[in-house]
Amino acid sequence: DDPEARLEVSDAGDGSAYTEAHAEHHPALSSLAESLGFGDLMLISAETGEIVYSTDKRIDFGTPSSPAVGFEFKRTFTVPGTYQFACSIHYRMTMRVEVSK
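Attention here is on the structure that accompanies the text. (Residues numbered from 1 in each chain as written. Predicted model: local features only at pLDDT ≥ 70, side-chain atom pairs only at ≥ 80, totals over all residues. Heavy atoms only, no water.)

On the surface, Leu 32, Leu 36 and Phe 38 cluster together to form a nonpolar patch covering roughly 280 Å² of accessible area. Among the structural elements, Phe 38 can be located in the loop between α2 (17–36) and β1 (42–44). (Patch = residues over 30% accessible without salt bridge, like charges linked within 9 Å, V, L, I, M, F, W, Y side chains within 5 Å. Areas by Shrake-Rupley, 256 points an atom, 1.4 Å probe, with all protein chains shown as cover. Salt bridge = Lys/Arg side-chain N within 4 Å of Asp/Glu carboxyl O. Helix = DSSP H or I, 4+ residues; strand = E, 2+ residues; numbered from the N terminus.)

Here Ser 54 lies in strand β2 (residues 51–54). In terms of polar contacts, Ser 54 uses its side chain to reach the side chain of Asp 40, at 2.9 Å. A polar atom in the side chain of Ser 54 sits 3.3 Å from the backbone nitrogen of Asp 56. (Polar contact = N/O pair within 3.5 Å; in protein donor to acceptor, adjacent residues only side chain to side chain.)

With 20 residues, α2 ought to run about 28 Å at 1.5 Å a step, and its terminal C-alpha atoms sit 28 Å apart, in line with that. Of all bends in α2, the biggest is about 45°, found at His 25, and the proline Pro 27 comes one to four residues later. Of all the positions in α2, only Thr 19, His 22, His 26, Leu 29 and Ala 33 are classed as buried. Positive backbone phi, approximately 80°, marks Gly 37, located one or two places after α2. (Expected span 1.5 Å × (residues − 1). Bend = angle between axes of the 7 residues up to and from the residue. Buried < 20%, exposed > 50% of the residue type's maximum accessible area, 1.4 Å probe, protein only.)

Set out below in structure tokens:
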């Protein structure tokens, strides 16, 4: 699964209403995000808090947008090293994890 290739997908070819809307709106929304310097642009359901659209289609796509909605993200590190993370919603929210033996 190539993350860069996902950015270019605008039509999944499954004939669904979502795919049809995505094919129509993704190019403009992706262009808007890029012109504003955003790393991602998301549409979030006001009813469920679920991320229903993302220009970058990252791991959080299709998940609740807030832990308050009940979503929990976990990551286990088994290899020593330094890992950098950034929140896909709050672009200035970053984290660094250092794992040692």
